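Working through the structure, step by step
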Amino acid sequence: MGEKMVAETKVKFICSENINAPILGNSFGALISVLDAALVSGVALPAISSTVIDGANIILNFGVNHNLKLFQVLRLIGFSPSQINGDFRIIGIPDSTRAAIALPAGVTGISTAGTAALAPLGYEKSFSGTNKAAYRNANTNAVHRPFLRVDNSQDPVYGSTYAKYAKVGILKTMSGIDDISGEQIPFDSAKPAKNWTGTGSGASAYNGWAKWYYARNTSPYNASADSAAPADGARQWMIVGDDQAFYLITNFIPNNSLKLVYGFGVYDKYFGNES
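So, here's what we can say about the structure. (Residues numbered from 1 in each chain as written. Predicted model: local features only at pLDDT ≥ 70, side-chain atom pairs only at ≥ 80, totals over all residues. Heavy atoms only, no water.)

**With respect to the overall build of the chain**
Along the backbone of the chain there are one helix and 18 strands. Taken along the three principal axes of its C-alpha coordinates, the chain extends 65 × 45 × 40 Å. A total of 275 residues make up the chain; the buried ones form 45% of that total. Within the chain, residue pairs in contact and separated by at least 24 positions form 61% of the contacts whose partners lie at least 6 positions apart. A total accessible area of about 13,200 Å² is found for the chain, and carbon and sulfur atoms account for 53% of it. (Helix = DSSP H or I, 4+ residues; strand = E, 2+ residues; numbered from the N terminus. Buried < 20%, exposed > 50% of the residue type's maximum accessible area, 1.4 Å probe, protein only. Contact = heavy atoms within 4.5 Å. Areas by Shrake-Rupley, 256 points an atom, 1.4 Å probe, with all protein chains shown as cover.)

**Focus on helix α1 (residues 30-41)**
Given a rise of 1.5 Å per residue, twelve residues ought to cover 16 Å, and the 16 Å separating the end C-alpha atoms of α1 matches this to within 8%. Within α1, nine of the twelve residues are buried, which leaves the element mostly enclosed by the surrounding structure. Every buried residue belonging to α1 is among Ala-30, Leu-31, Ile-32, Val-34, Leu-35, Asp-36, Ala-37, Ala-38 and Leu-39, and all of these are buried. Phi turns positive one or two residues past the end of α1, at Gly-42, with a value near 80°. (Expected span 1.5 Å × (residues − 1).)

**What about unusual backbone geometry?**
Put simply, Ser-80 and Pro-81 share a cis peptide bond, and its omega is 10°. In this fold, Pro-81 is placed in the loop between β5 (73-77) and β6 (86-89). Phi is positive for Asn-20, close to 70°, though the residue is something other than glycine. With respect to the secondary-structure elements, Asn-20 resides in the loop between β1 (12-15) and α1. Overall, the relative accessible area of 54% leaves Asn-20 in the exposed class. One non-glycine residue, Asn-131, adopts positive backbone phi at about 60°. The exposure class of Asn-131 is partly exposed, given its relative accessible area of 28%.

**A few points about the pairing of strand β16 (residues 237-241)**
Alternating residues of β16 divide into Trp-237, Ile-239 and Gly-241, all buried, and Met-238 and Val-240, none buried. Judged from the four bridges that link them, β1 and β16 form a sheet pairing that is antiparallel. Paired with Cys-15 across the two strands is Met-238, which belongs to β16. Both β16 and strand β17 (residues 245-250) contribute to a ladder of five bridges, which runs antiparallel. Across the sheet, residue Val-240 finds its bridge partner in β17, namely Tyr-247. Between β16 and β17, which follow one another and run antiparallel, lie three residues. (Pairing = 2+ DSSP bridges.)

**Focus on the nonpolar core**
In this structure, Leu-31, Leu-74, Leu-76, Trp-212, Ile-239 and Phe-246 are the most contacted members of the largest nonpolar core, which totals 54 residues. Counting residues per element, this core draws most heavily on α1, which supplies eight residues. Beyond its immediate chain neighbours, meaning those up to four positions away, Trp-212 contacts Leu-31, Leu-148, Tyr-165, Ala-166, Val-168, Phe-246, Leu-248, Tyr-262, Gly-263 and Phe-264. Within the second largest apolar cluster, six residues are counted, among which are Phe-147, Leu-171, Met-174 and Ile-177. (Core = buried A, V, L, I, M, F, W, Y, C linked by side-chain atoms within 4.5 Å.)

**Some words on the packing of aromatic side chains**
Inspection of every chain in the model, using the stated rule, returns nine aromatic pairs. Geometrically, the ring pair formed by Phe-28 and Tyr-158 is edge-to-face, given 6.4 Å between the ring centres and 80° between the ring planes. Taken together, the residues Phe-28 in the loop between β1 and α1 and Tyr-158 in the loop between β12 (147-151) and β13 (164-171) connect sequence positions 130 residues apart. Using a relative accessible area of 7% as the deciding quantity, one classes Tyr-158 as buried. Their ring planes at 70° and their centres at 5.5 Å tell us that Tyr-158 and Tyr-165 sit as a pair that is edge-to-face. Judged on exposure class, the residue Tyr-158 and its partner Tyr-165 are both buried. Cluster of aromatic residues (ring-pair linked, three or more members): Phe-28, Tyr-158, Tyr-162, Tyr-165 and Tyr-213. (Phe/Tyr/Trp six-rings, centres within 6.5 Å; stacked < 30°, edge-to-face > 60°.)

Encoded structure:
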């Protein structure tokens, strides 16, 4: 299997190519399904048909095409001995039906094969509504646990055939999905609801300040209007990160090489030398 990487499992990634991954299409609410799977619940995988110990590795045989990627993190449950239960990074993919993980210390045999899923990044879904959600670090001992509020619903001023995106913001406190009274980013004191409540009507409506686009007919940064209808079809996406921060990488046109990158989380500050 070659040289093994350190079996760190904190950083994880899930993508649209994985089996059972949510489809990111031209519809409101589609991004909530993607975030739920990648951040909170994980993605179920096909049943494991057999397992074998191969030197310092365990080979998991799914019996069908698993669509897994090298270095993704599997969450294993229901195995015996119990040392095999937990999160394990994929360190090898012998073929399209098998994946390899490092053999845990002390394991000499496998009496029961359990189930596998792609492990989520480690967030909780604190509040939810129709095509809305608020996420934050599930570790209650973390120093910083800001809320990421995602409003992927159709605003009353916004057309159903327009570009699709989520209105997003970071809030310090929340008591419910529609509580936007706390300190937040972005924020305009002259218009406190500027990021969340649409104004105007038709193609000239103003709907959101911080936006995560995923369905549009052209780049959102070329000054074209959101009112043009996007193409139907699934968009490619990937979410990578840990329970402190993550990045969302997505196409906004099906089968297109152009990608948008968005992020959320607690990042280390860096101050370079200034002359």
